[in-house]
There are 2 protein chains.
Amino acid sequence: MLVTLREHPADADIISHQLLVRGGFIKRVTSGIYAYMPLMWRVLQKITHIIQEELNAKGCLETLLPQLHPAELWKQTGRWQGYTKGEGIMFNLKDRQGRELGLGPTHEEVITRIAGESIKSYKQLPVNIYQIQTKFRDEIRPRFGLMRSREFIMKDAYSFHSSEADLQSTYIEMNDAYEQIFTRCGIDTVKVDADSGAIGGAASQEFMVTADAGEDLILISSDGKYSANQEKADSIAKEGKELKEGSPEIIETKGQNTIELLCRDKFFEPDQVVKVILILAILEDGSKQPILASIRGDQELNEVKLLNCISKQVKQNVISIKPISKEDLKDVPFGSIGPDLEDSFLNEVSKWSQKFIRLTDRTAADLKLFICGSNKPDFHRIFFNWSMIGGPHQIVDIRKAQPGDLCIHDQEQTLIEKRGIEVGHIFQLGKKYSLALGASFTNEHGSQEPFWMGCYGIGVSRLAQAAVEQSHDESGIIWPINISPFQVIIVIANVEEETQRILGEKIYKDLQDKGLEVLIDDRKERAGVKFKDADLIGIPWRIVVGRDSSSGKVELIKRSNRSTTLLSCESATKMLLAEIFN
Amino acid sequence: MLVTLREHPADADIISHQLLVRGGFIKRVTSGIYAYMPLMWRVLQKITHIIQEELNAKGCLETLLPQLHPAELWKQTGRWQGYTKGEGIMFNLKDRQGRELGLGPTHEEVITRIAGESIKSYKQLPVNIYQIQTKFRDEIRPRFGLMRSREFIMKDAYSFHSSEADLQSTYIEMNDAYEQIFTRCGIDTVKVDADSGAIGGAASQEFMVTADAGEDLILISSDGKYSANQEKADSIAKEGKELKEGSPEIIETKGQNTIELLCRDKFFEPDQVVKVILILAILEDGSKQPILASIRGDQELNEVKLLNCISKQVKQNVISIKPISKEDLKDVPFGSIGPDLEDSFLNEVSKWSQKFIRLTDRTAADLKLFICGSNKPDFHRIFFNWSMIGGPHQIVDIRKAQPGDLCIHDQEQTLIEKRGIEVGHIFQLGKKYSLALGASFTNEHGSQEPFWMGCYGIGVSRLAQAAVEQSHDESGIIWPINISPFQVIIVIANVEEETQRILGEKIYKDLQDKGLEVLIDDRKERAGVKFKDADLIGIPWRIVVGRDSSSGKVELIKRSNRSTTLLSCESATKMLLAEIFN
């Protein structure tokens, strides 16, 4: 069932998505939901087998966990709210008994419960369990085909340990397995420090396929020693232009309610200003906490860092954050707010907490003299310092690292920007889930202890598409040989010619007998159409059985560089075997 | 992670369920939802590979279709209502955009849509596409472990054809493949005629594993030539005792409002009575249609036949049927109803159709003289015939075949009852789905024609449990070798003894090198515990490395018959290879 399309699909914004649709690899069923057609399924099976081999070699055990999860489990870890309300990426439903179930986007809860019930003693540890399975996420904006789809195939593994040291050693093992897996799949990845997000835990790293179409921004030091997802990246902002001494005063700044306008009209630099941002955090217990964040005027807030920071302050999960605006608080002088804006402004909304959590980013805290709002409309303070306004308050890192920033490990190095597609993620979870679910084992001293846990994901379907994003040309896909649906395609130029047909079928049989995976195109189409299709679907090697078949000769073509050799079919077979099994 | 349980799990009613739980093969996560643990996953993978090999050999193409289905698709085939309301076995939800989605219990809609979009010409036909995937059913009463669970693994295949003859030939091919699959899986199956139910279509057959715990009742002729699911079975009811001539009269029958009481007090036989049953059918368009069904007093209604029969009458799907009772219709003289009960009784409920559909089962129609209700409370008519009451109305087969009935193909044969577990089902669907979804191809004459379709299911996870139900003893499971999680288990009786440990590990390595799948039990447990566990988990071959290991000897034990041989480890290896690879 080789069905290809001529036109670019209208809804496909990036090349890999276009090529997979045009090549008949995937079919859209509804928004963000695709069928994997036979060619694609072969690719996915190849990736699956590579993963299985590498993980089994590390002693991981394969399993299959349910996709429907009882809400109770997720409530025990405090994630039900966040996953079904807040971001709300977990599809959920009620069964005929009215019991709530979620469609698993990840399986920490389920596997931790099972491990807690099954593993009794440290003697049974460590255990590393994995599955390869369709997962679900009700994405706000599904897009880019399999890159951000609502149903996707994941490999997720969960490890259980009696000590943190043991967890760390498995974490390193899994890192090695991942490098092995991605290398065998024929994709280039970069490893970056990552935020653990809603999963929680200590260390975590992502494996990124670098590609312009990547949704993640990653920052890499010029010496290559540091790399991180922008969400997570730490860096040192370039020093600003220090404000020259001057006597503190309050100036009128009518119509200058953005830093840009203020600087333009008053000849300041943004890095001399303290920018103040009001944010409302919705907490898991339903309460609403206003945040007052101060940061240097040329810097941007990192929402992930901010959310983690608030979460730590309030000692519970933050469901979501959103800017506070004029509609929320009428009396606040937006555009002229200072870090010392009084809590009494919160009186307007009695349902909120009546006290700001005040956070000051290091970039703002480090300013000796600065400009900031005066808390009166259309007036700013200039040449002020922190002691004059009772600050700085808690000094934290809530700043978004930027390309060009100085590196922490070496201030001679700067950060360079790349875009990446996340294909793998490894986490040291620690005891978060085992504690929440009471999953424990008997340790060497005979007492109960919660498991140390790690978790390790690979986006299998996303990886397949990322490989295409990384490996294609203007005519179509160029599959890396190890994950190609077939290794060889035989194109019979003209099936009406018996000589061609017979020779083509002979080679087809020969190659299969030799253990190669071969596709034969014996459709009654023009040769040109078949060549175009072969280019599009990207099988690495092509044998064309055409006019020269009368003298037993065929063309062997390498898809990647189009190198073409005319040779006897015996030599072609020999050469292929040598190339593929080297 | 070999974790076994001593106690029988409280919620496991049948032996296979008990053994799978006790052996650590499955873990319950919530009602009707199980995790497949590593040992079980190996079994399921074995079955999967057998299915893949047999289907690929028939030219089937593997694929993976989405689990979330847009409601629109199911509305087009008219199944959304029935699957989400009525029986309501399809889990369903709304996404963040408020669009309705169902969790696929079956995939006719999705694959027909895709085929319609992909296959343009008869030249591309036939195509047979399959997938092996977790399916969902919100069962009213999940039970028996994997037998009737809410998440289960299915292999479903769908074939597309340009003619009915081609469909029929693939149907036969699939039948052969199924027999091959079940034989290779080591299970005994019986093939029976089946109802096509909500799936629809012409011919359909089920493959049943016979077992006392089976949920299906199957009827097999004594010569073995006929076998059918009771839902579907046709047969000839034994003739009743004819009512001797007498003059028609109406008799008082106070307190005799059941056939049993009536016959006891008046010395009639149940097979001389016409039993009348009122049923309400809820139709897909929301309307409610009352049914008046007449059947011979000793016979029972077959609800499946009845539902199909009504569906044909009203030319739409029937969502559900339920008995009409006194609460529904106060004035109806329940216990004394005759086949000619007037439609005017329906006036009571204006929302229902005001006319009965009257159906008469052949057994009742064939009665020359009979007793029946008089439509007045506590009065029956005796010695009446059909012409006296304006009947019989439409004569149909809505009767439940029973063990002891005469066979249609040979009235010398009678039906015998067995219980079965459905593990496979093949259907000739015809054009039902292609018509509903407008999925068509260009035929040889250049005109558009809807596909002829077949569909073919195997319950993969159910099959695994059915194998256990069929193959176990008092000590545990006896896996058929081809689907056993491992082929051999090596039990080191005492791991503290170095000789034993070294020899055990040597054999372990040897056997693996020879291509066998080997599990080694080197736990620091008493030998007895390990033997019990080995019995329980049911690996077909066991090598015990015990006291005789000092002379290089081990015990080779066959799980099924416990035959034990003491022999050198070389001979043991040789014998195993011969037995397993014969």
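Quantities reported herein were computed from a predicted structural model and do not represent experimental measurements. (Residues numbered from 1 in each chain as written. Chains lettered and ligands numbered in written order. Predicted model: local features only at pLDDT ≥ 70, side-chain atom pairs only at ≥ 80, totals over all residues.)

(A) Summary view of the overall build of chain A. Along its length, chain A carries 14 helices and 31 strands. Buried residues in chain A amount to 50% of all 582 residues. Put simply, of all contacts in chain A between residues at least 6 apart along the chain, 70% involve residues at least 24 apart. (Helix = DSSP H or I, 4+ residues; strand = E, 2+ residues; numbered from the N terminus. Buried ≥ 20, exposed ≤ 12 C-beta atoms within 10 Å, placed from the backbone. Contact = placed C-beta atoms within 7 Å.)

(B) Spatial organisation of the relation of the copies chain A and chain B. Least-squares fitting of chain A to chain B yields an RMSD of 0.1 Å, with the superposition described by an axial translation of 0.1 Å and a rotation of 180°. Taken together, the rotation angle and the small translation identify this as a two-fold axis. Closest to the rotation axis within chain A is the C-alpha of A:Leu93, separated from it by 2.7 Å. Looking at the interface residues of chain A, 100% of them are also at the interface in chain B, so both copies use one shared face. (Least-squares fit on C-alpha atoms with pLDDT ≥ 70 in both.)

(C) Looking closely at the interface of chain A and chain B. Between chain A and chain B, the residue contacts involve 37 residues of the former and 37 residues of the latter. Top contributing element to the side of chain A that touches chain B by residue count: strand E2 (residues 33-36) of chain A, with four residues. A per-class count over the side of chain A that touches chain B returns 22 nonpolar, eight polar and seven charged. (Nonpolar A, V, L, I, M, F, W, Y, C, P; charged D, E, K, R; others polar.)

(D) Main features of helix H6 (residues 164-184) of chain B. Spanning 21 residues, H6(B) covers 30 Å between terminal C-alpha atoms, matching the ideal 30 Å at 1.5 Å per step. B:Gly186 occupies a position one or two residues after H6(B) and carries a positive phi of about 80°. (Expected span 1.5 Å × (residues − 1).)

(E) Summary view of helix H12 (residues 498-513) of chain B. Residues and elements named next belong to chain B. The terminal C-alpha atoms of H12, which comprises 16 residues, lie 22 Å apart, in line with the 22 Å expected from a rise of 1.5 Å per residue. Buried residues of H12: Gln 500, Leu 503, Gly 504, Ile 507, Tyr 508 and Leu 511, and no others. Seen end-on, H12 carries its buried residues on one side only, within an arc spanning 140°. Exposed residues on H12 whose side chains face more than 90 degrees from its buried face are Glu 498, Lys 509 and Asp 513. Turning to H12, the residues buried within the fold contact strand E27 (488-492), strand E28 (518-521), strand E29 (541-545) and helix H14 (569-581). Trailing H12 by a residue or two, Gly 515 shows a phi angle of about 95°, which is positive. (Arc of directions from axis to C-beta.)

(F) Examining the packing of helix H2 (residues 38-57) of chain B against H6(B) more closely. All names here are of chain B. It is the contact of H2 with H6, at a shortest axis distance of 10 Å, that shows an interaxial angle of 150°. The orientation of H2 with respect to H6, classified from their angle, is roughly antiparallel. Of the two possible hands of crossing, H2 and H6 adopt the one that is right-handed. Together, Ile 50, Ile 51, Glu 54 and Leu 55 of H2 and Ala 177, Gln 180, Ile 181 and Arg 184 of H6 make up the contact between the two elements. Grouping the amino acids of the contact of H2 with H6 by side-chain chemistry returns five nonpolar, one polar and two charged. (Axes fitted to C-alpha atoms, helices over the stretch in contact; angles between N-to-C directions. Parallel < 35°, antiparallel > 145°, perpendicular 65-115°, else oblique. Left-handed = near helix turned anticlockwise from the far one by under 90°.)

(G) Structural detail: the environment of B:Glu252. All names here are of chain B. If you trace the backbone, Glu 252 turns up in strand E13 (residues 249-252). By C-beta crowding, Glu 252 is classed as exposed, having 11 other C-beta atoms within 10 Å. When the C-alpha positions of Glu 252 and Lys 266 are compared, they lie 10 Å apart, and in sequence the two are 14 residues distant. Setting aside anything within four residues of it in sequence, one finds Glu 252 in contact with Asp 378 and Phe 379.

(H) Expanded view of unusual backbone geometry. A:Leu125 connects to A:Pro126 through a cis peptide bond whose omega is -5°. Take A:Pro126: it is sitting in the loop between helix H5 (108-118) and strand E7 (127-136). The phi angle at A:Asp378 is positive, at roughly 65°, despite the residue not being glycine. Checked against the element boundaries, A:Asp378 lands in the loop between strand E18 (370-376) and strand E19 (379-384). On the basis of neighbour counts, which here come to 16 C-beta atoms within 10 Å, the residue A:Asp378 falls in the partly exposed class. Even without a glycine there, the phi angle at B:Asn375 is positive, about 70°. With respect to the helices, strands and loops of the structure, B:Asn375 is situated in the loop between strand E18 (370-373) and strand E19 (379-384). C-beta crowding within 10 Å serves as the criterion here: with 19 such atoms nearby, B:Asn375 is assigned to the partly exposed category.

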